[in-house]
Amino acid sequence: MRHTISVLVENKFGVLTRVAGLFSGRGYNIESLSVGETIDPQLSIMTIVTTGDDQIIEQITKQLNKLIDVIKVVDLTEIDHVEREMVLVKVAPKQEDKAEVLRLTEIFRGRVVDSSPRTYTVEITGDEKKIEAFIELMKPFGIKEFVRTGKIAIAREGVKK
Amino acid sequence: MKMLGAQIVIECLKKEGVKHIFGYPGGVVLNIFDFLYDDKDIQLILTRHEQGAVHAADGYARSTGKPGVALVTSGPGATNTVTGIATAYMDSIPIIVFSGQVPTKLIGNDAFQEADIVGITRPCTKHNYLVKDVKDLARIIREAFYIATSGRPGPVLIDLPKDVTSDKTQFVWPEHVSLRGYNPKYEGNKWMIKQAAHAIQKAKRAVIIAGGGVIHSAATKELKELAEYTQIPVIMTLMGLGAFPGTHKLALGMPGMHGSYYANMAIQNSDLLIAVGMRFDDRVTGRINDFAPHAKIIHIDIDPSSIRKNVRVDIPIVGDARRVLKGLVNVLKEEEAKNQWDEIRKAWLKQINKWKKEHPLSYEYDENVIKPQFVVEKLYELTKGDAIVATEVGQNQMWAAQFFKLSRPRSWLTSGGLGTMGYGFPAAMGAQVAHPDKTVIDIAGDGSIQMNIQELATCVLYKLPVKVAILNNGYLGMVRQWQELFFKERYSYSHLDTVPDFVKVAEAYGAVGLRAEHPSEVEPVIKEALKVKDRPVFMDFIVDWKEKVFPMVPAGAAIHEMMFGEEKKSKKEQKLRAVK
């Protein structure tokens, strides 16, 4: 099963390698990972999406907790939370399809952040399903490339962590 | 007062109570070595290889319970420590390794003798540091000692760039360590301890498996109390040997691949397994699906990630072995003062005694050729068991584990997790530094001893009378054994072909060299060796190369599926040499 794990860490050099090394060294899988500073600049939050059965997830959580620079590990999968991801899609539609691309972008509440005579670069934010749905819809128009941020997630207020 | 970083390192070590460092100098640590030159409180033991230094620090730590310290230079000096660090990591041994590093400005430039040792050792240290500012130095050293020695112990490496140790700052020794991401849990959950006590009261066929954690947490007294009070037999893992007296009537020896028949049978037939400070290594469990099929499992460990890593656990208790065992005994005594433990265990202990009689640890004595087990037995007998025993890895290690009945904790130095050949001799050397008046023996093979044989020079220099018993069979014995049993006797590269004359090697270094080629020479050689107090001794025992370690659970089998070797001759003919 897929899990979204939120890891509060010291904002120091080398911490990302410790976390990534733990996953590679023990053969765990990272589907996506995003890191950013928190309100306290000495701390960072990593949001890691991984898969595994209950025993593996339990080990991942425990092994993460064992790292000295890891302060807190929360498996958000088990609690109510909000998650978001962003994608930048560069599409190269034919002249006659351009309007449809723009229409779909609007439906998805996306934005065109760059345009050239041949391409649009569209920014879409949402949960994973939305991102994937948009990519699917764009495929017939000719996607040149896309870049995803990986998931970030936060527990809903009032939820006990 | 402002101090150089190099001096701060030394002052911090003094604050931590360090008396001995094992090390080897080189370019970027010369300023630290300069402060050691005329230091009165700290002695540096100059090994002949950085690997030897780290194993020595490890042996020092295992035999004392205090952290061992090593100091090496950058690049090759640092990379040579990796095996030693990984060895300590797998066995949870507190050591601190200081490595020199090129100046911070040169890091990443492929400078002379530069290696990313923090990167290299990240997966085999409990934690490691690259010090970038001399102002952080004292705090980092303080943290390193705290991390290495608390919770589940382990090695910590501190990388010291040359400019950091030659920079000056105010020396402030931090009184407290505060690490918000590190809070080891020592007290076991009270409710869980109660559950464990209830399980013990209900169990008919309970057995304890004690691991290295019992030794780390100094829980031997509590373990003995629990075992004796509840009349539960005690199995010790390779790392747990010495946690419970090997000669005690409740002691069942070692489990697993080369464990005793009765230990393995006790596990397989038990209805309750009380695992303390052990981690269900694959060499212990054999085929995991058939391990302890009837047992409820209580798992006491300070490392939460050890619990449910390999086996299902019914009652997990995260905490320090000593405190949890103490709590457990207290609950049992409060709740069930009238419980007739002797009566409850009678049938079970009777069954175990039957297993003990069926297949005791034994070998066939031979009048003409030295059996390696006979050497170990003689070492045990002639030292009266009062020795610190180190081993290398392979057959020598297993025979030592089987036939040297340890009675005390911290008298057993063996690389259990990593299985490092070449560990025993330098580890014995480290233990001898800590215990100058004790008998320290390394039980070695002719293969393993050659992996760190250079430390003979160190032992000679510091007059360390380490006794090395080489069980010389001309082979990498355990490899040969597997090839005989599982590879149709195709001895691919396990015969060493040339083995040096160990007597001459010892003499060339200024040590004592002795040899025994016949069983009648074993005792005199050991007696002669034990008399030597001022230099190391090599005892070269030319042993039966065909001898194998039994019982044996083949890889992938369940632990009750044991091999016992050749069909024994009639009971009368064979001379069973089970140690009482």
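Residues numbered from 1 in each chain as written. Chains lettered and ligands numbered in written order. Predicted model: local features only at pLDDT ≥ 70, side-chain atom pairs only at ≥ 80, totals over all residues. Heavy atoms only, no water.

## Overview of the overall build of chain B
When helices and strands are counted, chain B shows 22 helices and 19 strands. At 24 Å, chain B has a C-alpha radius of gyration in line with the 25 Å of a compact globule built from 580 residues. By its C-alpha atoms, chain B is 75 × 60 × 40 Å across when sized along the principal axes. A total of 580 residues make up chain B; the buried ones form 60% of that total. Of the contacts made within chain B by residues no fewer than 6 positions apart, 76% connect residues no fewer than 24 positions apart. Put simply, chain B shows about 23200 Å² of open surface, and 51% of that area lies on carbon and sulfur atoms. (Helix = DSSP H or I, 4+ residues; strand = E, 2+ residues; numbered from the N terminus. Rg over C-alpha atoms; globule rule 2.2 N^0.38 Å. Buried < 20%, exposed > 50% of the residue type's maximum accessible area, 1.4 Å probe, protein only. Contact = heavy atoms within 4.5 Å. Areas by Shrake-Rupley, 256 points an atom, 1.4 Å probe, with all protein chains shown as cover.)

## As for helix α14 (residues 321-335) of chain B
Residue pairs three or four apart in sequence face the same way in an α-helix, which turns once every 3.6 residues. Along its 15 residues, α14(B) runs 21 Å from first to last C-alpha, staying within 8% of the 21 Å computed at 1.5 Å per residue. Turning to α14(B), its buried residues are Ala321(B), Val324(B), Leu325(B), Gly327(B), Leu328(B), Val329(B), Val331(B) and Leu332(B). (Expected span 1.5 Å × (residues − 1).)

## Considering the sheet that holds strand β9 (residues 206-210) of chain B
Residues and elements named next belong to chain B. Taken together, the five strands give an open sheet; going across it, the order is β10-β9-β11-β12-β13, and neighbouring strands pair in parallel fashion. The sheet is open, and its two borders are formed by β10 (234-236) and β13 (315-318), each paired with just one other strand. Strand-to-strand twist of the sheet, defined as the mean angle between neighbouring strand axes without regard to direction, takes the value 15°. Note that strand β12 (residues 296-301) and β13 share four bridges and pair parallel. Counterpart to His299 in the pairing with β13 is Pro316. The strands touched by helix α9 (residues 190-202) are β11 (272-276), β12 and β13; relative to β13, the strand with the most contacts, the crossing angle is about 135°. (Pairing = 2+ DSSP bridges. Axes fitted to C-alpha atoms, helices over the stretch in contact; angles between N-to-C directions.)

## Re the nonpolar core
All names here are of chain B. Of all hydrophobic cores here, the largest spans 108 residues; its most connected members are Ile200, Leu273, Ile298, Met539 and Phe541. Sorting elements by how many residues they give to this core places α14 first, with seven residues. Setting aside chain neighbours within four positions, we find Ile200 in contact with Leu226, Thr230, Ile232, Leu272, Ile274, Ile298, Leu328, Leu332, Trp341 and Arg345. Core analysis: the second largest hydrophobic core is formed by 46 residues, Ile93, Val433, Val466 and Ile470 among them. (Core = buried A, V, L, I, M, F, W, Y, C linked by side-chain atoms within 4.5 Å.)

## Thoughts on the packing of helix α3 (residues 98-107) of chain A against helix α4 (residues 128-138) of chain A
Residue and element names in this part refer to chain A. In the contact formed by α3 and α4, the axes pass within 11 Å of each other and the chain directions differ by 170°. In terms of axis orientation, α3 runs roughly antiparallel to α4. In contact with Val101, Leu104 and Thr105 of α3, α4 contributes Phe134, Leu137 and Met138. Class assignment of the residues belonging to the contact of α3 with α4 gives a composition of five nonpolar, one polar and no charged. (Parallel < 35°, antiparallel > 145°, perpendicular 65-115°, else oblique. Nonpolar A, V, L, I, M, F, W, Y, C, P; charged D, E, K, R; others polar.)

## A closer look at unusual backbone geometry
Looking along the chain, the bond that leaves Phe550(B) and enters Pro551(B) is cis, with omega of -5°. Among the structural elements, Pro551(B) can be located in the segment after β19 (537-542). A positive phi angle is found at Arg109(A), which is not glycine, with a value near 55°. Among the secondary structure elements, Arg109(A) is positioned in the loop between α3 and β6 (111-115). By relative accessible area, Arg109(A) is classed as exposed at 73%. Even without a glycine there, the phi angle at Ala218(B) is positive, about 55°. Counting through the fold element by element, Ala218(B) comes out in the loop between α10 (212-216) and α11 (220-230).

## Considering the interface of chain A and chain B
With 20 residues of chain A at the interface, the matching set in chain B holds 19 residues. In total, about 1700 Å² of surface goes out of reach between chain A and chain B, with carbon and sulfur atoms giving 47% of it. In this structure, the connection of chain A to chain B is made through three salt bridges. Counting every contact that joins chain A to chain B gives eleven residue pairs in polar contact (both at pLDDT 80 or more). For the side of chain A that touches chain B, the secondary structure elements donating two or more residues are α1 (15-25), α2 (54-66) and β4 (70-75) of chain A. Taken together, the residues of the side of chain A that touches chain B break down into six nonpolar, seven polar and seven charged. (Buried area = accessible area lost by both parts, 1.4 Å probe. Salt bridge = Lys/Arg side-chain N within 4 Å of Asp/Glu carboxyl O. Polar contact = N/O pair within 3.5 Å; in protein donor to acceptor, adjacent residues only side chain to side chain.)

## Describing the environment of Ala78(B)
Residues and elements named next belong to chain B. Among the structural elements, Ala78 can be located in helix α4 (residues 76-79). Spatially, the C-alpha atoms of Ala78 and Trp341 are 55 Å apart, while their sequence positions differ by 263 residues. Those residues within four positions of Ala78 in sequence are excluded, and the remaining contacts are Val72, Thr73, Ser99 and Ile117.

## Details of α11(B)
Residues and elements named next belong to chain B. Along α11, the residues classified as buried are Glu222, Leu223, Leu226, Ala227 and Thr230. Buried residues of α11, viewed axially, fall in a sector of 130°; they line one side. Contacts from the buried residues of α11 go to α9, β9, α10, β10, α14 and α15 (341-358). Positive phi shows up at Gln231, right after α11, with a value of about 55°. (Arc of directions from axis to C-beta.)

## Digging into the packing of aromatic side chains
Applying the stated criterion to the full structure yields 16 aromatic pairs over all chains. Ring geometry for Trp482(B) versus Phe486(B): centroids 5.5 Å apart, planes at 75°, classification edge-to-face. One end of the pair, Trp482(B), and the other, Phe486(B), are both in helix α20 (residues 477-486), four residues apart, so they sit about a helical turn from each other. The class for Phe486(B) is partly exposed, based on a relative accessible area of 34%. Among the aromatic residues, ring-to-ring pairing joins Phe425(B), Phe502(B) and Phe538(B) into one connected group. A cation over an aromatic ring shows up here: Lys98(A) above the ring of Tyr120(A), its NZ or CZ 5.7 Å from the ring centre. The residue whose ring lies beneath Lys132(B) is Phe13(A), and the NZ or CZ to ring-centre distance is 3.9 Å. (Phe/Tyr/Trp six-rings, centres within 6.5 Å; stacked < 30°, edge-to-face > 60°. Lys NZ or Arg CZ within 6 Å of the ring centre and 35° of its normal.)

## Regarding the pairing of strand β3 (residues 43-51) of chain A
All names here are of chain A. By the criterion of burial, β3 is predominantly enclosed, with seven of the nine residues buried. When strand β1 (residues 2-10) meets β3, the two strands line up antiparallel, connected through nine bridges. Residue pairing across strands places Val9 opposite Ser44, the latter belonging to β3. Alignment of strand β2 (residues 32-37) against β3, held across six bridges, turns out to be antiparallel. When the sheet's bridge partners are listed, Ser32 is paired in β3 with Val49. Adjacent in sequence and paired antiparallel, β2 and β3 are bridged by five residues.

## What to know about the environment of Ser34(A)
Residues and elements named next belong to chain A. Relative to the elements of secondary structure, Ser34 occurs in strand β2. Given a relative accessible area of 12%, Ser34 falls into the buried group. Considering only alpha carbons, one finds Ser34 and Lys151, 117 residues apart in sequence, at a separation of 6.7 Å. Those residues within four positions of Ser34 in sequence are excluded, and the remaining contacts are Ile45, Met46, Thr47, Thr149, Lys151 and Ile152. At 3.0 Å, the side chain of Ser34 and the backbone oxygen of Lys151 are in polar contact.

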